[in-house]
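Spelled out from the first residue to the last, the chains are:
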Amino acid sequence: MQNSSITLRLHSLQLPFSSTWKYGILALAILLLLGALTILAYQMCQLQKHSRTGKKKKYDSGDGVKMRAENGLWGKKMPPLLLDSSQQSDVDMEARTSVLGKAESHMKSGAEMVELGAGLDAPHPCLSCSITEDPSSDPSPLPSSQGSLKFSLLYRRERCELLVSDLEVRGLPSHRHTEVAVWLRLLRRVPSHAPALQCVVQEWQSRAVKNCSGTAFGEHFVCSLQDAEMERSTLKMEVQHFDKYSRNATLGEVRVALSQLKASQSLVLCVELQKTTKDVVGEVLLSLRCLPISQRMEVGLLKAKTYPPRSAAEKSIYARIDVSCRRHRQKHQKSRPQAHTSLIIFNETFLFPMPQAAAWDSSVLVSLYEVGPEPRHLIGQAIVGRNTARDAADHWDLMAKSIQQPVAQWHPLLI
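Conventions adopted
- Residues numbered from 1 in each chain as written.
- Predicted model: local features only at pLDDT ≥ 70, side-chain atom pairs only at ≥ 80, totals over all residues.
- Heavy atoms only, no water.
- UniProt positions renumbered as here; feature names shortened; annotations may be inferred.
- Helix = DSSP H or I, 4+ residues; strand = E, 2+ residues; numbered from the N terminus.
- Buried < 20%, exposed > 50% of the residue type's maximum accessible area, 1.4 Å probe, protein only.
- Contact = heavy atoms within 4.5 Å.
- Phe/Tyr/Trp six-rings, centres within 6.5 Å; stacked < 30°, edge-to-face > 60°.
- Lys NZ or Arg CZ within 6 Å of the ring centre and 35° of its normal.
- Pairing = 2+ DSSP bridges.
- Salt bridge = Lys/Arg side-chain N within 4 Å of Asp/Glu carboxyl O.
- Patch = residues over 30% accessible without salt bridge, like charges linked within 9 Å, V, L, I, M, F, W, Y side chains within 5 Å.
- Areas by Shrake-Rupley, 256 points an atom, 1.4 Å probe, with all protein chains shown as cover.

Under an unreviewed UniProt entry, the name given to the protein is C2 domain-containing protein, and the organism recorded is Phasianus colchicus. Taken directly from UniProt, the Sequence similarities (unreviewed entry) text for the protein runs: "Belongs to the synaptotagmin family."

Engineer: I'd like a description of the overall build of the protein, backed by residues and values.
Structural biologist: Across its full length, the protein holds six helices and 20 strands. The buried share among the 415 residues of the protein stands at 35%. A separation threshold of at least 6 residues defines the contact pool for the protein, and within that pool the share at least 24 residues apart is 66%.

Engineer: An account of unusual backbone geometry is requested, with residue identities and associated values reported.
Structural biologist: Even without being a glycine, D166 presents a positive backbone phi close to 55 degrees. A relative accessible area of 54% means that D166 is categorised as exposed. Within the chain, Q295 stands out as a residue other than glycine whose phi angle is a positive 55 degrees. Relative to the assigned elements, Q295 resides in the loop between β11 (280-291) and β12 (296-306).

Engineer: Summarise the packing of aromatic side chains; cite the residues concerned and give the values.
Structural biologist: Scanning all chains against the criterion turns up two aromatic pairs. Ring geometry for W204 against F221: centres 5.8 Å apart, planes inclined by 35 degrees, an arrangement best described as tilted. Placement of W204 in strand β4 (residues 198-205) and of F221 in strand β7 (residues 221-224) is noted, with a sequence separation of 17 residues between them. On the basis of relative accessibility, which here comes to 8%, the residue F221 falls in the buried class. R376 extends its terminal NZ or CZ atom over the ring of Y369, reaching a point 4.1 Å from the ring centre.

Engineer: I'd like a rundown of the UniProt feature "transmembrane region" (unreviewed entry) in the protein, residues and numbers included.
Structural biologist: In this numbering, the UniProt entry assigns the feature "transmembrane region" (unreviewed entry) to residues 20-42. End C-alpha atoms of residues 20-42 are separated by 33 Å, and the span's content is 100% helix alongside 0% strand.

Engineer: Before we move on, could you go through the pairing of strand β3 (residues 179-189) and cite the residues and values that matter?
Structural biologist: A large share of β3 lies buried, amounting to eight of its eleven residues. Relative to strand β8 (residues 233-241), β3 runs antiparallel, the two sharing nine bridges. Counterpart to W183 in the pairing with β8 is E238. Examined bridge by bridge, β3 and β4 share seven bridges and lie antiparallel to one another.

Engineer: Tell me about the pairing of strand β9 (residues 249-257), and please be specific about residues and values.
Structural biologist: Across the nine residues of β9, seven count as buried, placing the element largely inside the fold. The pairing of β8 with β9 spans eight bridges and is antiparallel. Paired with T234 across the bridge in β9 is A257.

Engineer: Tell me what's going on with the pattern of salt bridges, and back it up with residues and numbers.
Structural biologist: The tally for this structure, following the rule as stated, stands at 16 salt bridges. A salt bridge links R185 to E203; its shortest N-O distance comes to 3.2 Å. Of this pair, R185 sits in strand β3 while E203 sits in strand β4, placing them 18 residues apart in sequence. When its relative accessible area of 11% is taken as the criterion, R185 is described as buried. Look at the salt bridges and you will find they share partners, linking R185, E203, K236, E238, E253, R255 and D279 into a network.

Engineer: Summarise a nonpolar patch on the surface; cite the residues concerned and give the values.
Structural biologist: Together, Y23, L26, I30, L31, L33, L34, L37, L40 and M44 line one region of the surface with nonpolar side chains, adding up to about 970 Å² of accessible area. Positionally, L31 belongs in helix α1 (residues 2-60). Here L31 falls in the exposed class, since its relative accessible area comes to 58%.

Structure follows, in structure tokens:
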């Protein structure tokens, strides 16, 4: 009895103490919960304000319209490639409308400028221009103050030699170009089904000289040339800004038709630099296939037609493929070397990553190089893309429409 009474007394003493602790802990938990809910509500209000201001800025900008079109009802129904094509067509229509408006406002002044430009841009009687357009060159002509090239030509009929000497560049802007060099190519027309097909008989490069008021190189170049080949030969001289750390920038060119050159008579000319143009030196058969699921593009290098090598030494040829997406060049890939003949068969495919959004702002550049005992030299290049020449752009459009299906087409090799 005594033990039970002691137990009851202890229980009666502990009961109010434990209840107080329980109610205190419950009250503290409720306060913490209310504080957390208050902080959460405040953060949600701030996030909603930022999202509203961000949406207003996004819809007010030009990119916001594009994002709404991609994420709205049109973006869900239309494939990405077709959506890009529709947007591109709208941009083209706006550009054409603005161009037509400017053309109408300047029609009268444009007629006077055409008459004046016809008198200034009259070609030299010894010059022959190329009919092949350069897709990468600036369509505007060179200004008259861009410079000129002075040179001397002599054909020795008894030796069957062509002598080029006394090269001198005049009138180049000295503050832009520190060193200049002249690249010479002797071209000859080749009878073929392709129009304006030519072959590079021989090429030289002068030494780089510091640009001044009159830059003289003090070099001469000799080439073996038969009398019967004079009618079909052209001498092309390009003045380049020499840069040993990057690519040389072409400043202009001069072309001389050797058919008008008399034998055993030295001809001294001083000709203004003209806009650079490309020459067709072969063809390449390319296959393109769009793989939108894996976001890749397959480039197939099938065949190439070039003029056989000049020397009897065995030489091989390989191709380098460069893909640029939004002006960012990806890692290039090379083909296996093949024997340099008139018809080269590669039959190789290369895979490149190609995001769907960048499919309309990409291009493929194929460069053929000849290697042998001497250092490699470029034979020709072909570029395919939507913003390139007409035939290359058509090939690119067919590739975009024929999803998962390869599309092959011949393209000219330019140099």
